[in-house]
Amino acid sequence: MSVNEYEAALILRSGAELLRAASSDPRSDEGYEEVKANVAEALESIAEALSNFEAGLGVPSRSTGWAQDLHRVADDLREGRAQNGGSGVQ
């Protein structure tokens, strides 16, 4: 299956909306550690995509800072998992 950048961005947005809706479910803590791990991976991929887009432009932009911030958030999600012994409480 081939997806262009715009379609991929729409899928990402839809997934985020589904995740937000699922998190309002009273059982939202089920699988929370796996959710954090998957969100961390997704943030890493988004950061890489932003870096790739910026590299293609050849002009410095704010994407570099955004990508760094996304990497830090992904790291924090992973560290929170390790620091809390998998409890999901920070």
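Scroll up for the structure.
Let us look at the structure shown here. Keep in mind it's a predicted model, so treat the numbers as computed, not measured.

## Focus: the nonpolar core
- Among the nonpolar cores identified, the biggest contains 7 residues, and these are Ala40, Leu43, Ala47, Ala67, Leu70, Ala74 and Leu77.
- Of all elements in the fold, only helix 2 (32–57) and helix 3 (63–83) reach the threshold of two or more residues within this core.
- If we ignore the near neighbours within four places in the chain, the residues touching Ala40 are Ala74, Leu77 and Arg78.

## Looking at the layout of surface pockets
- Of the volumes computed, that of the largest pocket is approximately 240 Å³.
- What lines the largest pocket is simply Glu5, Ala8, Ala9, Leu12, Glu41, Ala42, Ser45, Ile46, Ala49, Leu50 and Phe53.
- Ranked by residue count, the leading element in the lining of the largest pocket is helix 2, at 7 residues.
- Of the residues belonging to the lining of the largest pocket, the class tally is 8 nonpolar, 1 polar and 2 charged.

The rules behind these values
- Residues numbered from 1 in each chain as written.
- Predicted model: local features only at pLDDT ≥ 70, side-chain atom pairs only at ≥ 80, totals over all residues.
- Heavy atoms only, no water.
- Core = buried A, V, L, I, M, F, W, Y, C linked by side-chain atoms within 4.5 Å.
- Buried < 20%, exposed > 50% of the residue type's maximum accessible area, 1.4 Å probe, protein only.
- Helix = DSSP H or I, 4+ residues; strand = E, 2+ residues; numbered from the N terminus.
- Contact = heavy atoms within 4.5 Å.
- 1 Å grid on protein atoms, 1.4 Å probe; cavity = no way out; pocket = protein on both sides within 12 Å on 5 of 7 lines; lining within 4 Å.
- Points joined across faces, edges and corners; volume = space filled by probe spheres on them.
- Nonpolar A, V, L, I, M, F, W, Y, C, P; charged D, E, K, R; others polar.

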